[in-house]
Protein chains: 2
Amino acid sequence: MQPLSESQEDYLKSIFQLSENSTRLVSAMELADRMDVKPASVTSMLKKLAKLSLIDYTPYQGVALTPSGKLVALEVLRHHRLIELFLTEFLDFGWEEVHEQAEKLEHVISEELEARMAEKLGHPTHDPHGDPIPTVDLELPESPLLANLLRTAENHTGVIKRVTSQDRDFLNLLNRLELNIGVELRVISQERGGVRIQTATDQFLIPVDMASKIWMEAE
Amino acid sequence: MQPLSESQEDYLKSIFQLSENSTRLVSAMELADRMDVKPASVTSMLKKLAKLSLIDYTPYQGVALTPSGKLVALEVLRHHRLIELFLTEFLDFGWEEVHEQAEKLEHVISEELEARMAEKLGHPTHDPHGDPIPTVDLELPESPLLANLLRTAENHTGVIKRVTSQDRDFLNLLNRLELNIGVELRVISQERGGVRIQTATDQFLIPVDMASKIWMEAE
DNA sequence: ATAAATATTTAGACAAGCCTAAAAATATGC
DNA sequence: GCATATTTTTAGGCTTGTCTAAATATTTAT
Ligand SMILES: [Mn+2]
Ligand SMILES: [Mn+2]
Ligand SMILES: [Mn+2]
Ligand SMILES: [Mn+2]
C-alpha cells in the first residue's frame, strides 16, 4: 500500500470522526464543512479513496470507512493525540494550543517517533482533552461511560473527564474558569439557560452550548 | 510575505549549504543532484524563487541567496538542527537516525515549538553532528576553527568536534568504532590510504573518504 | 404529488511541482 | 579556434488537490 497524502489522511480522519458515534453514512456536505473545502472537491477525493478501497462510497448517499480506511484513520488519530499529550507533558503547552500543531505533525512523524513518545508518556490512554488514544494495535481503549454535563443529575458531584472541542477560545475560557480535565464539580441545577455548577471556589451558570461540550463520568 | 512551500524551503536550504563555504554561485546541476530532481525542475523553481526575491538568478550562470532568502534558509536550518538535538536528547534517538525525521519536521513546527525546544535544550549552539545551530536572530554561532582529520598533524591529540555526513551507514560505522563527537584521539600517522589513529582502546586506519568527513578542533 | 429548496456531481480550469525530449548555451579538449 | 561534450533552458505533459459554474439528483414543504 503506497503512502497516502496528508489530504487523504485528513479526509479519512474526518470521516471516522463524523461517523464515530453512529452507524450512519457521512455526507459530502458534512465533509466539505469540516475540511473547509467545496463539495465538488469532496466528491473528487471520495472517488479516489473509493478506488483505493479505503471507503465505501455510494454516490448521492454518502460514505463509510472500509476496515483498512478505518486503520488509517486510527493511526493518524493516534499520532495526533500522542503529539498533543507530548506537547503538554514535555513542552509546557496548554491544551488550547496543541491541536493546531498536532494537525500538521500527525502526518510526518515516523512510527519510531510515535513509539518513543508513547514510551516516554507511559503508554497513555487519553489525550489532554480526554480523547481516547488508539492503542498501538489501533483499537480505541475502553473508556468509562461518560455523561454530558447537560444530562448530569442535579446535586450530583463528579469530575470532568472530557471536553469535545478544539476551539482555542473556548478552551481558554475553561482555563480561566478553572474547568479542566480532572476538576471536580457539583451540579446545582439544570436550567433552561444551562447548568448551574459549584466548583471548589465558585458558582457558575454554564450556558447550554458550553455545557454540551463537557463530559463527566456517568453515575 | 506569504508562506513558502516545503519544496521552496528545501531549495533555499540546499542553496545555502552548497555555497556556505565559498562565494561562488550554485549551479543548476548541483541543485538537481542534491535535491534529487531533474535539472529542468530546478530551472523552473529558480524562476519562482527569483520572482519572490529570495535568490539572485542569472540564467546559465547560477544562483545566490538574497538576504531574505538566506534568512529563510537559516530559519529552516535552525529548525532542523534543534529537532535533531531534541530527538537525541529527549527521545533517545541516535545521531544516525535523526536527519531523516528532521527533514520532514523542520517544515511544520511552529515558532512557539521551536522556542520551547530551544529552551528545554538550554539554547544549544551545536547539533548532534557538531553542526552549528543558527541563533534565534538567525546568525550562525561562532564556532572554534576546525581542522579536517586529514590535515591534523601526526602525534597531535584532539577531540572530534564535527562529522559532516548524514549518511546512516557511515554514522553507524562511527558508532561501532566509538568515534563520536567529543571522543579524544591521537593521530599516529598520515598515510597514503588514510589516517592512522589511536583511541582510548584501539588503533585504526581511517580511510581517506571517511577521514575527510571528520573534523577536529584546530591546533 | 408537485414545486421549491438543497445537496451532489460533472465539467472545465488552475497552481504547484515534477517529468521527458529537444533546443540552445557554455565549457572542454585538441 | 573549432568540434565535441556538458550544462541549462524551453516546450509540452502529467498528477494532485483545489476552485467555480452548471447540471442533476434528492429532500422538504405545501
Ligand atoms: Mn492534519
Ligand atoms: Mn485532543
Ligand atoms: Mn526538508
Ligand atoms: Mn545535523
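Residues numbered from 1 in each chain as written. Chains lettered and ligands numbered in written order. Predicted model: local features only at pLDDT ≥ 70, side-chain atom pairs only at ≥ 80, totals over all residues. Heavy atoms only, no water.

1. Here's the deal with the protein's contact with DNA strand C
Around DNA strand C sit 20 residues, and of these Met29(A), Lys47(A), Tyr57(A), Ser5(B) and Ser41(B) come closest. At the protein interface, 81% of the atoms of DNA strand C within 4 Å belong to sugar or phosphate. Between DNA strand C and the protein, one listed contact pairs a phosphate oxygen with a side-chain N or O atom of Lys47(A) at 2.7 Å. Elements with a minimum of two residues in the surface near DNA strand C: helix H2 (28-35) and helix H3 (39-51) of chain A together with helix H1 (6-19) and helix H3 (39-51) of chain B. (Near = heavy atom within 4 Å. Polar contact = N/O pair within 3.5 Å; in protein donor to acceptor, adjacent residues only side chain to side chain. Helix = DSSP H or I, 4+ residues; strand = E, 2+ residues; numbered from the N terminus.)

2. Thoughts on the relation of the copies chain A and chain B
Of the two same-sequence chains, chain A is brought onto chain B (RMSD 0.1 Å, axial shift 0.0 Å) by a rotation of 180°. On this basis, the relationship between the two copies can be described by a two-fold rotation axis. Rotation axis and chain A: the residue whose C-alpha lies nearest the axis is Leu105(A), separated from it by 3.5 Å. With an isologous cut-off of 70% or more, the 100% of interface residues of chain A that recur at the interface of chain B puts this contact in the isologous class. (Least-squares fit on C-alpha atoms with pLDDT ≥ 70 in both. Contact = heavy atoms within 4.5 Å.)

3. Here we look at the coordination of the manganese ion (ligand 3)
Residues and elements named next belong to chain B. Protein coordination at the manganese ion (ligand 3) comes from Asp10 (OD), Glu103 (O), Glu103 (OE), Glu106 (OE) and His107 (NE2), with a distance range of 2.2 to 2.6 Å. Read in sequence order, the donor residues coordinating the manganese ion (ligand 3) give the pattern D-x92-E-x2-E-H. Within this pair, whereas Asp10 is found in helix H1, its partner His107 is found in the loop between helix H5 (98-105) and helix H6 (111-120), the two being separated by 97 residues in sequence. Accessibility expressed as a relative area gives 17% for Asp10, which makes it buried. (Donors = N, O, S within 2.8 Å, 3.2 Å for Na, K, Ca; no water. Buried < 20%, exposed > 50% of the residue type's maximum accessible area, 1.4 Å probe, protein only.)

4. Re the domain arrangement of chain A
Taken domain by domain, chain A holds domain 1 (6-65) and domain 2 (146-217). Each of domain 1 of chain A and domain 2 of chain A has a C-alpha centre, and these two points are 32 Å apart. (Domains from an automatic or database assignment.)

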